[in-house]
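Structure at a glance
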Amino acid sequence: MRYVSTRGQAPVLGFEDVLLAGLARDGGLYVPEVWPALSAVEIRGLSGKSYAETATKVLVPYVGGALGDDDLRQLLTEAYRGFGHAAVAPLKQIGPRHWLLELFHGPTLAFKDYALQAVGRLFDWVLAKRGERVTIVGATSGDTGSAAIEACRDRAAIDIFILFPKDRVSEVQRRQMTTVDSANVHCIALDGTFDDCQDMVKAMFNDQGFRDRHRLSAVNSINWVRIAVQIAYYAAAAVALGAPDRRIAFAVPTGNFGNVFSAYAARRMGFPIERLILGSNSNDILTRFLASAEMSMAPVEPTLSPSMDIQVSSNFERLLFEALGRDGSRVAEILRRFREDRRFRLEAAAMGQIRGLFEGHRLDDAGTVEVIRRVYRETGELIDPHTAIGVAAAERSRLDPGMPIVSLATAHPAKFADAIERAVGFRPKLPERLAAVMGAKERFQGMPNDLEAVEAFIADRVRS
Ligand SMILES: *Cc1c(COP(=O)(O)O)cnc(C)c1O
């Protein structure tokens, strides 16, 4: 399998290089040169298989032989071994045709563990094989940081630097990052928003000298392999509910568009995904875009669902590339204009394609609290604020009444105890994994939103 950039100007890469590269050299994102497909027979064959086995079958075409199938299976089996539920990604029914897909059974209790536990091990494998090392820099709006840190801590060939927006992540989220006591882990509290953190990471990647000197690498969802690994839970849920013979819809609370782009990829692989329903909080650039065909940036507003407090959805570029017939120069032109004007309007044909599959619904904080309260009253399930936004979007969607909808439960409710308490009047019980971080010592560096200062901090601490 080979990978091309969404902006058409970067070298075509194989799996190993795409794993290490993150952002492409032309500023674009890597996508497969062709979408691999599984046949109906192959999809039917996934029925009753373990999660690791399903993930292996889905990933084999993307890995393209770089790692043997048995080694890949073993790596994925290890990645999911420590998860807190035997099904890894269990489905739980909350309505006549509505299911939750619980993606919070990994070490940091949010969906990002599902990709990162595999990606950390894949990094280890490729770096050991090549005798190389990397510096991972990442921006986090809350959950990526801890998931990346858990995936990379104490790995000999990796130093990891995570930027988070100061005072804009929850206490639990911050502590999950800052209490990790490993020499290769560094947390930076940036004076700014998540978008500032993300821009800073992009600026470091665009600083060719710095990038090469420290062998920068990314585990943000701009990294293709993360997107690929996530396809597995869409595949597993679809098969559990009757794929390839029964069509299905997914509702996904969305920030950076990384999670839901994996659903798009699953559809391109042949899984019968009929509809993708986006949920956004008040930072609703995507839902406004779906309604108006105009993408326009607005200031980021802090909400009860901080992992979605994002205005620029990086991974949307991958969908744009597809909707524009894979014309990289058009993508580059549109995004250049977007940077300058903070807005762009998408032509009708491309827009029609996107609307044929995607719809979006917005929910503010008051609505989020209301949904958490109602779902608890109706089903006894506690859902986190991000999940609530997806659930509300699913409920507003007007699909065939017979079609199953799966809402992704992207975080454990205990990670957002304040919101839960507001909704139901009590705090969820902390799982053991979380209780430990609440008392531990924190270690992080506050920094201004200044590229030079952050680069100097990193240069100082990278181990050689
Ligand atoms: C990261 C995150 C999201 C948003 O996912 P994207 O891939 O950025 O769209 C939603 N919910 C939770 C709990 C998250 O951590």
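Preceding this section is the structure that the text describes.
Every value quoted in this text rests on a predicted model; they were computed, and no experiment measured them.

Looking at the sheet that holds strand 4 (residues 98-102)
Read from one edge of the open sheet, six strands run 3-4-14-9-10-13, paired in mixed fashion. Each having just a single partner strand, strand 3 (91-95) and strand 13 (358-362) make up the two edges of the open sheet. Strand after strand, the sheet turns through a mean of 25° between neighbouring axes, direction not considered. With five bridges joining them, strand 4 and strand 14 (residues 405-409) adopt parallel strand pairing. When the sheet's bridge partners are listed, glutamate 102 is paired in strand 14 with alanine 409. Of the strands in this sheet, strand 3, strand 4, strand 9 (248-253) and strand 14 touch helix 10 (residues 224-240), which is tilted by about 140° from strand 9.

Concerning helix 8 (residues 194-206)
Relative to the 18 Å expected for 13 residues at 1.5 Å per residue, helix 8 spans 18 Å between its end C-alpha atoms, a close match to the ideal helical length. Two or three places before aspartate 195, at the opening of helix 8, threonine 193 has a side-chain oxygen 3.3 Å from that residue's backbone nitrogen.

Notes on unusual backbone geometry
Residue proline 244 follows alanine 243 across a cis peptide bond; omega there is 10°. Note that proline 244 resides in the loop between helix 10 and strand 9. Despite not being glycine, arginine 215 shows a phi value in the positive range, around 45°. Tracing the backbone shows arginine 215 in the loop between helix 9 (208-213) and strand 8 (216-217). Among the residues examined, arginine 215 registers a relative accessible area of 38% and is labelled partly exposed.

Notes on the site of the ligand
In the neighbourhood of the ligand, 15 residues make up the surrounding shell, with Lys112, Asp143, Gly255, Asn256 and Asn259 lying closest. For the ligand, an oxygen atom lies 2.5 Å from a polar atom in the side chain of lysine 112. Between the ligand and threonine 410 there is a distance of 2.9 Å, counted from a nitrogen atom to a side-chain nitrogen or oxygen. In isolation the ligand offers 380 Å² of accessible surface; the protein chains occlude 97% of this area.

With respect to the nonpolar core
Within the largest apolar cluster, 122 residues are counted, with the highest numbers of intra-cluster contacts made by Phe271 and Phe358. If you tally residues by element for this core, the top one is helix 10, at 13 residues. Ignoring sequence-local partners within four residues, the contact set of phenylalanine 358 consists of Phe257, Val260, Tyr264, Arg275, Leu276, Leu278, Leu290 and Leu319. In terms of nonpolar packing, the next biggest core, distinct from the first, is built from 23 residues, Leu29, Met200, Phe210 and Ile458 among them.

Considerations on the packing of helix 5 (residues 112-130) against helix 6 (residues 143-152)
Packing of helix 5 against helix 6 brings their axes to within 8 Å, and their N-to-C directions diverge by 30°. The orientation of helix 5 relative to helix 6 falls into the category roughly parallel. For helix 5 against helix 6, the interelement crossing comes out right-handed. Counting all contacts with helix 5, which are made through Lys112, Asp113, Leu116, Gln117 and Gly120, the residues of helix 6 involved are Asp143, Thr144, Ala147, Ala148, Glu150 and Ala151.

Focus: the side chain of aspartate 26
Mapped onto the elements, aspartate 26 comes out in the loop between helix 1 (15-21) and strand 2 (30-32). Although aspartate 26 is buried, it forms no salt bridge, and the closest oppositely charged side chain is arginine 7 at an N-O distance of 5.8 Å. Of the polar contacts made by the side chain of aspartate 26, one reaches the backbone nitrogen of alanine 10; its length is 3.0 Å. Ignoring any residue separated from it by four or fewer positions in sequence, one finds aspartate 26 in contact with Ser5, Arg7, Gly8, Gln9 and Ala10.

Quick look at the environment of valine 225
One can find valine 225 in helix 10. According to the relative accessible area criterion, valine 225 is buried, its value standing at 0%. Residues valine 225 and phenylalanine 416 lie 191 residues apart in sequence; the distance between their C-alpha atoms is 28 Å. Once residues lying within four places of it in the same chain are set aside, the contact partners of valine 225 are Phe15, Val18, Leu19, Val119 and Leu122.

Here's the deal with the pattern of salt bridges
Applying the stated criterion to the full structure yields 43 salt bridges. Put simply, arginine 174 and glutamate 442 hold a salt bridge, and the shortest N to O gap is 2.8 Å. With a gap of 268 residues between them, arginine 174 in helix 7 (residues 171-178) and glutamate 442 in the loop between helix 19 (432-439) and strand 15 (445-447) connect regions that are remote in the sequence. Residue classification places arginine 174 among the partly exposed residues on the basis of a relative accessible area of 22%. One network of salt bridges, with partners in common, ties together Glu16, Asp17, Lys129, Arg130, Glu132 and Arg215.

How each quantity is defined
- Residues numbered from 1 in each chain as written.
- Predicted model: local features only at pLDDT ≥ 70, side-chain atom pairs only at ≥ 80, totals over all residues.
- Heavy atoms only, no water.
- Pairing = 2+ DSSP bridges.
- Helix = DSSP H or I, 4+ residues; strand = E, 2+ residues; numbered from the N terminus.
- Axes fitted to C-alpha atoms, helices over the stretch in contact; angles between N-to-C directions.
- Contact = heavy atoms within 4.5 Å.
- Expected span 1.5 Å × (residues − 1).
- Polar contact = N/O pair within 3.5 Å; in protein donor to acceptor, adjacent residues only side chain to side chain.
- Buried < 20%, exposed > 50% of the residue type's maximum accessible area, 1.4 Å probe, protein only.
- Near = heavy atom within 4 Å.
- Areas by Shrake-Rupley, 256 points an atom, 1.4 Å probe, with all protein chains shown as cover.
- Core = buried A, V, L, I, M, F, W, Y, C linked by side-chain atoms within 4.5 Å.
- Parallel < 35°, antiparallel > 145°, perpendicular 65-115°, else oblique.
- Left-handed = near helix turned anticlockwise from the far one by under 90°.
- Lys, Arg positive; Asp, Glu negative; His and termini not counted.
- Salt bridge = Lys/Arg side-chain N within 4 Å of Asp/Glu carboxyl O.

Keep in mind that these numbers describe shape and distance, not what the molecule does.
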